[in-house]
Amino acid sequence: MRTPLRIFPVARCRFNRPDNEHTGAGSVSRDQPLFAARNKQGILLRVGLPVIGFLLAACGRGPAVEADLTRRPVELLDQDSTVVVVPDAFRGQIVLVGYIYTHCPDICPMITARMLEIARHIPDSLLVRYVLVSFDPERDRPHVLRHYARVYELPESWRLLTGPESELQALLDLMGVRTRRSWTSFAENGEPVYFIDHTDRISLLDGRGRVRRHYEGTTADPERVRRDVLTLWREATGVEL
Amino acid sequence: MKPVLSELLVAASVFFGALPQERSIHLLDPWIRPGAAGGNSALYVRLHNAGSVPDTLLEATAEVAARVELHQTVSGPGNMRRMEPVSYVVLPARGEFRLEPGGWHVMLLGLKRDLRAGDTVKVELRFARAGRVQLQAPVRPLSRGGRR
Ligand SMILES: [Cu+2]
């Protein structure tokens, strides 16, 4: 019985590989051998249920680690001007992170609206934290973020983060979020007006400051995010929900 | 006789189309994003053209904003999103053009006051044929209208 031994290492994380927004290379080719093996008639019967159970148990560890934020903790400010060190401040908690700038009235509110919808799908008892990171520190000072949160009626518990350019950039780099300023026009007072092109993304962190999944922000499926959160919860606590 | 009559009808519809009472342009389900004073907001609306000829949305104005532009959100590689000004939007004859999240919007820049859910905002759109058409858009909370 060489077949099951051969497919085991490749198949291990098959059930948890991301299927949407992946920019990271390698995930596709890693999956291919399993598809090939699956096409062989009767392989599941030969392998038997115990092995399948073993495979599933191995994959219960949840999605692969995309990035480890503990490698470069960043010191940011929330909307109350309180220092928040990411990821240390969220240790032990599952975190959903969206990336926005407050002068963006179309895509960014769509991402924020998605986060709200996702939050409605996730039980409060899981203590998931919701964080919006601004990539426009020049305009999005803490008081601007606080006012924005009020106008948009965001939950009090949400943290809106800004901070020094270098700190923010370090975080965005680890998150794989790209931004580019585009100058468009001049306001009446002669001030230049800019928008920011940016990656449309929501990220999921585990309780150890590691990025475990990226979603396309405007279209992230709340049900899928809920399942990922439950998987991380089970991984951390051993408790099936 | 018949061709003459139809030409007259077309001429009449063009003529009356320019008058406020006989609009061929209907602005359906307008709504607007919340926004902070000094910040920006976006107006979404279904532009319905009941007329037999296309029309063009040329510009918009709103007393609540310092400037108003027509914008399109464009996607680039790697899920990059970008807003771009557009100079006009064409409404097909007997058809509709939708300004909706993730697509086109009327961009309100430099808000003069906060826009909160429940507020109403007056916006005037100017069309090549139909001329100026006003609308009143309610500010919708984020919990509604996040969808594409
Ligand atoms: Cu815009």
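Residues numbered from 1 in each chain as written. Chains lettered and ligands numbered in written order. Predicted model: local features only at pLDDT ≥ 70, side-chain atom pairs only at ≥ 80, totals over all residues. Heavy atoms only, no water.

## Things to note about the overall build of chain B
For clarity, the threshold we go by: Strands here mean DSSP runs of E at least two residues long; helices mean DSSP runs of H or I at least four residues long; both are numbered from the N terminus. Partly exposed describes any residue whose relative accessible area lies between the buried limit of under 20% and the exposed limit of over 50%, with all areas from a 1.4 Å probe on protein chains only and scaled to the type maximum. Contacts: residue pairs with any heavy atoms within 4.5 Å of one another. Per-residue and other accessible areas were derived by the Shrake-Rupley procedure at a 1.4 Å probe size, with only the shown protein chains allowed to occlude residues.
Secondary structure assignment for chain B yields 1 helix and 10 strands. By residue count, 44% of the 148 residues in chain B fall in the buried class. In chain B, 68% of the contacts between residues at least 6 apart in sequence involve partners at least 24 apart. By element, 55% of the accessible surface of chain B is carried by carbon and sulfur atoms, the whole surface being about 7,300 Å².

## Observations regarding the coordination of the copper ion
Residue and element names in this part refer to chain B. To be explicit about the condition: Coordination shells were defined by N, O and S atoms within 2.8 Å of each metal, extended to 3.2 Å for Na, K and Ca; water is absent from the atom set, which can make sites look incomplete. Angular criteria define each label, namely tetrahedral for four donors with all angles between 85 and 135 degrees, square planar for four and octahedral for six donors with opposite donors over 155 degrees apart and remaining angles between 65 and 115, and irregular for whatever fails these tests.
Ligation of the copper ion by protein atoms is provided by His71 (ND1), Met83 (SD), His105 (NE2) and Met107 (SD), these donors lying 2.1 to 2.4 Å from the ion. Between the 4 donor atoms coordinating the copper ion, the angles at the centre fall across 100 to 117°, so the site counts as tetrahedral. Binding-site remark: the copper ion is held by donors from one chain whose sequence spacing is H-x11-M-x21-H-x1-M. In this pair, His71 is assigned in strand E4 (residues 65-76) and Met83 in strand E5 (residues 80-86), connecting sequence segments 12 residues apart.

## A closer look at the interface of chain B and chain A
Basically, it comes down to this: What gets called buried area is simply the loss in accessible area from a 1.4 Å probe that two parts show on being joined, summed for both. We define a salt bridge as a side-chain nitrogen of Lys or Arg found within 4 Å of a carboxyl oxygen belonging to Asp or Glu. Three categories are distinguished: nonpolar for Ala, Val, Leu, Ile, Met, Phe, Trp, Tyr, Cys and Pro, charged for Asp, Glu, Lys and Arg, and polar for the others, with Gly belonging to the last. A pair of strands counts as paired when DSSP detects no fewer than two bridges linking them.
Counting residues at the interface gives 39 residues for chain B and 36 residues for chain A. The junction of chain B with chain A conceals about 2,900 Å² of combined surface from both sides, 56% of it contributed by carbon and sulfur atoms. For the pair chain B and chain A, the interface holds 2 salt bridges. Measuring nitrogen to oxygen at the nearest pair gives 2.8 Å for the salt bridge that ties Glu216(A) to Arg81(B). Going through the elements one at a time, strand E2 (41-49), E4, E5 and strand E8 (104-111) of chain B are the ones with two or more residues in the side of chain B that touches chain A. With 5 residues, the top contributor of residues to the side of chain B that touches chain A is E4(B). Residue composition of the side of chain B that touches chain A, grouped by class: 15 nonpolar, 14 polar and 10 charged. Here 2 bridges tie strand E8 (residues 192-199) of chain A to E5(B), and the two strands are oriented antiparallel to one another. Note that in E5(B) the partner of Thr199(A) across the bridge is Met80(B).

## Here we look at the environment of Glu156(A)
All names here are of chain A. For Glu156, the position within the fold is in the loop between helix H6 (142-151) and strand E6 (159-161). What makes Glu156 exposed here is its relative accessible area of 72%. The spatial distance from the C-alpha of Glu156 to the C-alpha of Arg146 is 9.8 Å, given a sequence separation of 10 residues.

## Regarding the packing of aromatic side chains
The relative placement of two aromatic rings is captured by the distance of their centres and the angle of their planes. Residue and element names in this part refer to chain A. Threshold: Only Phe, Tyr and Trp rings take part, Trp by its six-membered ring, and two of them pair if their centres are within 6.5 Å. Stacked means planes under 30 degrees apart, edge-to-face means over 60, and tilted covers everything else. Sitting over a ring, as applied to charges here, requires NZ of Lys or CZ of Arg to be within 6 Å of the ring centre and within 35 degrees of the ring normal.
Taken as a whole and judged by the stated rule, the model has 5 aromatic pairs over all chains. A ring pair is formed by Tyr101 and Phe135, whose centres lie 5.5 Å apart and whose planes are at 45°; its orientation type is tilted. Here Tyr101 is found in the loop between strand E4 (95-100) and helix H5 (107-121), whereas its partner Phe135 is found in the loop between strand E5 (129-134) and H6, with 34 residues between them in sequence. Here Tyr101 and Phe135 have matching classes, each one buried. With a centroid separation of 5.5 Å and an interplanar angle of 20°, the aromatic rings of Tyr130 and Trp158 are classed as stacked. On the criterion of sequence distance, the pair formed by Tyr130 in strand E5 and Trp158 in the loop between H6 and E6 is long-range, its members being 28 residues apart. Here Tyr130 falls in the buried class, since its relative accessible area comes to 8%. Trp158 gets classed as buried once you look at its relative accessible area, which sits at 2%. Lying across the ring of Tyr194, Arg139 places its NZ or CZ 3.7 Å from the centre.

## Considering helix H7 (residues 165-175) of chain A
Along an α-helix, a turn takes 3.6 residues, which lines up residues three or four apart on a common side. Among the residues of H7(A), those classed as buried are Glu167(A), Leu168(A), Ala170(A), Leu171(A), Leu172(A), Leu174(A) and Met175(A). Trailing H7(A) by a residue or two, Gly176(A) shows a phi angle of about 70°, which is positive.

## What about the pairing of E4(A)?
Residues and elements named next belong to chain A. Here is the rule: Call a crossover right-handed when, viewed with both strands pointing away from you, the route from the first strand across the helix to the second goes clockwise.
Within E4, 6 of the 6 residues are buried, leaving the element largely enclosed by the surrounding structure. Covered by surrounding structure in E4 are Val95, Val97 and Tyr99 together with Leu96, Gly98 and Ile100, the residues of both alternating faces. Note that E4 and E5 share 6 bridges and pair parallel. Counterpart to Val97 in the pairing with E5 is Val131. Taking the sense of rotation as the criterion, the β-α-β connection linking E4, H5 and E5 turns out right-handed. Examined bridge by bridge, E4 and strand E9 (residues 201-205) share 4 bridges and lie antiparallel to one another. Counted as the bridge partner of Gly98 is Ile202 from E9.

## Description of the environment of Cys108(A)
All names here are of chain A. Positionally, Cys108 belongs in helix H5. What makes Cys108 buried here is its relative accessible area of 0%. Each C-alpha atom of the pair Cys108 and Thr82 lies 23 Å from the other, and the pair is 26 residues apart in sequence. Beyond its immediate sequence surroundings of up to four residues, Cys108 is in contact with Ile100, Tyr101 and His198.

## Focus on the pattern of salt bridges
All told, the structure shown has 22 salt bridges over all chains when counted by the stated rule. Here Arg212(A) ties to Glu235(A) by a salt bridge, and the two come within 2.8 Å at their closest N and O atoms. Highlighted residues: Arg212(A) in strand E10 (residues 210-216) and Glu235(A) in helix H8 (residues 222-237), separated in sequence by 23 residues. Judged by relative accessible area, Arg212(A) falls into the buried class, the value being 4%. Using a relative accessible area of 29% as the deciding quantity, one classes Glu235(A) as partly exposed. Across the pair Arg116(B) and Asp114(B) runs a salt bridge, and its minimum N-O distance is 3.7 Å. Among the ionic contacts, a cluster of salt bridges with common partners joins Asp206(A), Arg210(A), Arg212(A) and Glu235(A).

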